[in-house]
Amino acid sequence: MSNTFTEQLLNGYSELEQGQLELRGQAGRNPANRFATYLKHEGFLPGVHFPQQFLKRVLSAGVRFDPHTFKSEFYKAKHYRQTRSGYNTRIAVVRGVPIIYRPGGENGNRIVLVTTLKQGVKLPPVEPALPPRQREMETNLEAELEQLLEKIDAAIESDDSEQVSYDRYIEAEYLQRKLQNKSQQEAEAFVVENRLLKIPPGHETLNSHAARGLPISKTELDAMNRGVRRVDTEKLSNHFKPTQQRRHALRRYKCQKLEEALAETRQQLIVLHGKVLSATKRSNAFEWIGEALHLIQDSYSPAHTARERSGAGAIIFIRYYGIKGLPYPQEHRVFPMRQPGRLIPLPVDPRDYVNVSNPPEKAAIAASRDFLKMMLLHLKGRSHRYTAAQWNTKQRSDLIKFMNKYLILSPRHTPTKTLYPKCP
């Protein structure tokens, strides 16, 4: 915005200070109209009467106001979430003026400035909240990263190594680091408990039910929960990496055959089983058990797989998590869900929520419990009945029997090519 226009705006505010707030028509509204234009230029959506209301309240207190500072002051202000039932608006206190606002716009990523309250008025029931800009910035970063990952994937699929330049990877890593910082600030997670996003315990609940009645101490259960959580609390960009998909019982790439995807998931469980047995501390062993349980439990989530017997039987489809796949519900939901009353979109597939009375959750608890029984036996150590070689063979045999019971593909499975006819 030019200096000339800024001077015109400030001159307009001087007119308001001199008593023109009560004028009707264009004479009284001109400064407010200019302010409204500036707000729209800055990405806000001001209500019809908001600019005049705000200026009147600020200037009545004898404060000279520069419109250029509004955006920075808005995001630096104290923000509150209304706790009254049925209210989804928020409040930001700028220059002592409580501003009522809400997310709006075509994609819910703009701020609608609804109205103002009188200075010094007692606020309605509220609780502190983060400024909306944090999520807005992360959403922009996610979009940038998705575009980069899409270009890299396209280059890899076309087998043109020259397109996958080192600069691309450096740029992607830079964005990943920025995303990691934002995710740490917002405690971003997917299907494990997140109090900030009001996501109830998921894997933690399954762990608790599976461990019930077994000789597992609270300390060991806490370690299991740390392990089960760390898979989902990885930095956000890691969830798009092909190498990460086996940790969640998902396909590595869009056209991957189910047999190959399941083999990678089973191999991941073998690796985790080995890490449990090689851990030097019992707490570390139970953290690796927690990560293994995450994989097993994800394999029962309808967001990750489809199974026979209402989600409790053999696997008939393994889903893909990526921006190139078919949309939800055929594949795992990628983009965050916006819900009424929530400023921050839910970064979850709704099928990932846990209800322990549903068949998939019951089956996941049963499988988790059997895995825990097996691991408690393996951690107990070799008895005199086995030689070292025999004990190693038994441990491996126990794990294969477990996988052949719980991680198997149905003969009636749906091949990936059924959904993607162009896949080989």
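Residues numbered from 1 in each chain as written. Predicted model: local features only at pLDDT ≥ 70, side-chain atom pairs only at ≥ 80, totals over all residues. Heavy atoms only, no water.

## Here's the deal with the pattern of salt bridges
Convention followed: By salt bridge we mean one thing: a side-chain nitrogen of Lys or Arg within 4 Å of a carboxyl oxygen of Asp or Glu. Only DSSP runs of H or I covering at least 4 residues are called helices, and only runs of E covering at least 2 are called strands; the numbering of each starts at the N terminus.
All told, the structure shown has 17 salt bridges when counted by the stated rule. One salt bridge in this structure joins Glu 204 and Arg 229, with 2.8 Å as the shortest N-O distance. Placement of Glu 204 in helix H7 (residues 203-211) and of Arg 229 in helix H8 (residues 218-230) is noted, with a sequence separation of 25 residues between them. Among the ionic pairs, Glu 331 bridges to Arg 251, the shortest N-O distance being 2.8 Å. Pair noted here: Glu 331 is in the loop between strand S8 (315-318) and helix H12 (359-380) and Arg 251 is in the loop between H8 and helix H9 (258-278), with a separation of 80 residues, a long-range link.

## With respect to the packing of helix H10 (residues 282-298) against H12
Selection rule: All axes here are fitted lines through C-alpha atoms, helices being fitted over the stretch that makes contact, and every angle between N-to-C directions spans 0 to 180 degrees. Put simply, angles under 35 degrees are roughly parallel, angles over 145 are roughly antiparallel, angles from 65 to 115 are roughly perpendicular, and the rest are oblique. In this scheme the crossing of two helices becomes right-handed for a clockwise turn of the near helix relative to the far one and left-handed for an anticlockwise turn of less than a right angle. What makes two residues a contact is simply this: any of their non-hydrogen atoms within 4.5 Å. Residue polarity follows a fixed list, in which Ala, Val, Leu, Ile, Met, Phe, Trp, Tyr, Cys and Pro are nonpolar, Asp, Glu, Lys and Arg are charged, and the others, Gly among them, are polar.
Remark: H10 packs on H12, axes separated minimally by 10 Å, with the N-to-C direction vectors making an angle of 150 degrees. With respect to H12, the element H10 is oriented roughly antiparallel. As H10 packs across H12, the resulting crossing turns out to be right-handed. Contacts between H10 and H12 pair Arg 282, Ala 285, Phe 286, Ile 289, Ala 292, Leu 293, Ile 296 and Gln 297 from the former with Ala 364, Ala 367, Ser 368, Phe 371, Leu 372, Met 375, Leu 376 and Leu 379 from the latter. Its residues assigned to classes, the contact of H10 with H12 shows 13 nonpolar, 2 polar and 1 charged.

## A closer look at the sheet that holds strand S3 (residues 90-94)
Defined as follows: Note: two strands are recorded as paired if DSSP finds a minimum of 2 bridges between them.
Taken in spatial order, the 6 strands of this open sheet run S1-S5-S4-S3-S2-S6, and their pairing is mixed. In this open sheet, the two strands that pair with only one neighbour each are strand S1 (44-46) and strand S6 (126-129). Neighbouring strand axes in the sheet, compared pairwise and without regard to direction, differ in orientation by 35 degrees on average. Two elements, S1 and strand S5 (residues 110-116), share 3 bridges in a ladder whose sense is parallel. Residue Leu 45 lies in a different strand from S5, and its bridge partner there is Val 112. Along the sheet face, helix H3 (residues 50-60) touches S1, S3, strand S4 (97-104) and S5 and points at about 60 degrees away from the line of S5.

## Observations regarding the pairing of S5
Here S4 runs beside S5; their pairing, made up of 6 bridges, is antiparallel. Bridging from a neighbouring strand, Ile 99 pairs with Thr 116 of S5.

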